[in-house]
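If you want the building blocks of each chain, they are given just below.
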Amino acid sequence: MKTYIATRTNTDINKKAWFMMDAKGKVLGRIAAKVATVIRGKHKPTYTPNFDTGDYVVVINAQKVRVTGNKLKEKQYLTFSGYPAGLKKTSLEIMLATKPDEVIKRAVRRMLPSGPLSRDMLKKLKVYAGAEHPYKKVNFKNLEV
């Protein structure tokens, strides 16, 4: 028995499935873990670590995501401009109010390995704050946590 290795010649790159996840009332970390698994392709038997075999994921209702414990007040998102005293801190509560899609994108990005392949995988993640999205004609598979 031989080990399967995905390459450009034996994998149809254009045949990627689309998954839909409703984040309403679900825990942020569990959503991010499931989405990272799907966009990386680890849910398929054809998974290869050095090749993008993952699928597209659309996450809706990002503003209604739930967190446990005191994370809403205590979790900080840091950005640094590169200048002295250029460190900015934003709490999770403010991020969910202003940019809820960015919260899920950052959580998923931090669950992927770093590098160019990871940046390409992250392009397959589409996150929307509300229930509206532009992919009306796509046949989605339901993705549950």
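Everything discussed here concerns the structure shown above.
Before going into details, it helps to say that this report is about the structure given with it.

**Side note on the overall build of the protein chain**
Piece 1. A tally of helices and strands in the protein chain yields five helices and six strands.
Piece 2. Counted from the first residue to the last, the protein chain has its helices and strands arranged as β-α-β-α-β-β-α-α-α-β-β.
Piece 3. Counting only C-alpha atoms and orienting by the principal axes, one finds that the protein chain spans roughly 55 × 35 × 30 Å.
Piece 4. With 145 residues in all, the protein chain has 38% of them scored as buried.
Piece 5. Of the contacts formed within the protein chain by residues at least 6 apart in sequence, a portion of 67% connects residues at least 24 apart.

**A closer look at the pairing of strand 2 (residues 56-60)**
Piece 1. When you tally the buried positions in strand 2, you get four out of five residues, the bulk of the element.
Piece 2. Two elements, strand 1 (residues 18-22) and strand 2, share five bridges in a ladder whose sense is parallel. By the bridge assignment for strand 2, Met21 is matched with Val59.
Piece 3. Taken together, the three bridges between strand 2 and strand 5 (residues 125-127) define a ladder with parallel strand orientation. By the bridge assignment, Val58 is partnered in strand 5 with Lys126.

**Thoughts on the sheet that holds strand 1**
Piece 1. On the basis of which strands lie adjacent, the open sheet formed by four strands has the order 5-2-1-6 and parallel pairing. Unpaired on one side and paired on the other, strand 5 and strand 6 (141-142) mark the two borders of the sheet.
Piece 2. In this structure, strand 1 lies alongside strand 6, joined through two bridges in parallel fashion. Directly across from Phe19, in strand 6, lies its bridge partner Lys141.
Piece 3. Here helix 4 (residues 100-109) sits on the sheet and contacts strand 2 and strand 5; the angle it forms with strand 5, its principal contact strand, is near 155°.

**Focus: a positive patch on the surface**
Piece 1. Side chains of Lys71, Lys75, Arg109 and Arg110 sit close together on the surface and give a patch of like positive charge.
Piece 2. You can see Lys75 is positioned in the loop between helix 2 (71-74) and strand 3 (76-80).

**What about the nonpolar core?**
Piece 1. Ranked by size, the top nonpolar core spans 29 residues in total, and within it Val35, Val57, Val59, Ile104 and Val108 carry the most contacts.
Piece 2. A total of seven residues in this core trace back to one element, the largest contributor, which is helix 1 (residues 28-40).
Piece 3. In contact with Ile104, other than residues within four places in its own chain, are Ala23, Leu28, Val59, Ala62 and Val127.
Piece 4. Residues Trp18, Met20, Val58 and Ile60 belong to the second largest nonpolar core, which totals five residues.

**So, the layout of surface pockets**
Piece 1. The space that makes up the largest pocket amounts to roughly 190 Å³.
Piece 2. Looking at the largest pocket, it is lined by 17 residues, and the ones nearest its centre are Leu28, Gly29, Lys71, Lys75 and Ala107.
Piece 3. Counting only elements with at least two residues in the lining of the largest pocket, the list comes to helix 1 and helix 4.
Piece 4. The leading source of residues in the lining of the largest pocket is helix 1, at four residues.
Piece 5. Of the residues in the lining of the largest pocket, the class split is nine nonpolar, two polar and six charged.

**Some details on the packing of helix 1 against helix 4**
Piece 1. Where helix 1 meets helix 4, the closest approach of the two axes is 8 Å, and the angle between their N-to-C directions is 60°. If you check the angle between helix 1 and helix 4, you find them oblique. The element helix 1 and its partner helix 4 pack so that their crossing is right-handed. Across the interface between the two elements, Leu28, Ala32, Val35, Ala36 and Ile39 from helix 1 touch Val103, Ile104, Ala107 and Val108 from helix 4.

Calculation notes
Residues numbered from 1 in each chain as written. Predicted model: local features only at pLDDT ≥ 70, side-chain atom pairs only at ≥ 80, totals over all residues. Heavy atoms only, no water. Helix = DSSP H or I, 4+ residues; strand = E, 2+ residues; numbered from the N terminus. Buried < 20%, exposed > 50% of the residue type's maximum accessible area, 1.4 Å probe, protein only. Contact = heavy atoms within 4.5 Å. Pairing = 2+ DSSP bridges. Axes fitted to C-alpha atoms, helices over the stretch in contact; angles between N-to-C directions. Patch = residues over 30% accessible without salt bridge, like charges linked within 9 Å, V, L, I, M, F, W, Y side chains within 5 Å. Areas by Shrake-Rupley, 256 points an atom, 1.4 Å probe, with all protein chains shown as cover. Salt bridge = Lys/Arg side-chain N within 4 Å of Asp/Glu carboxyl O. Lys, Arg positive; Asp, Glu negative; His and termini not counted. Charge placed at Lys NZ, Arg CZ, Asp CG, Glu CD. Core = buried A, V, L, I, M, F, W, Y, C linked by side-chain atoms within 4.5 Å. 1 Å grid on protein atoms, 1.4 Å probe; cavity = no way out; pocket = protein on both sides within 12 Å on 5 of 7 lines; lining within 4 Å. Points joined across faces, edges and corners; volume = space filled by probe spheres on them. Nonpolar A, V, L, I, M, F, W, Y, C, P; charged D, E, K, R; others polar. Parallel < 35°, antiparallel > 145°, perpendicular 65-115°, else oblique. Left-handed = near helix turned anticlockwise from the far one by under 90°.

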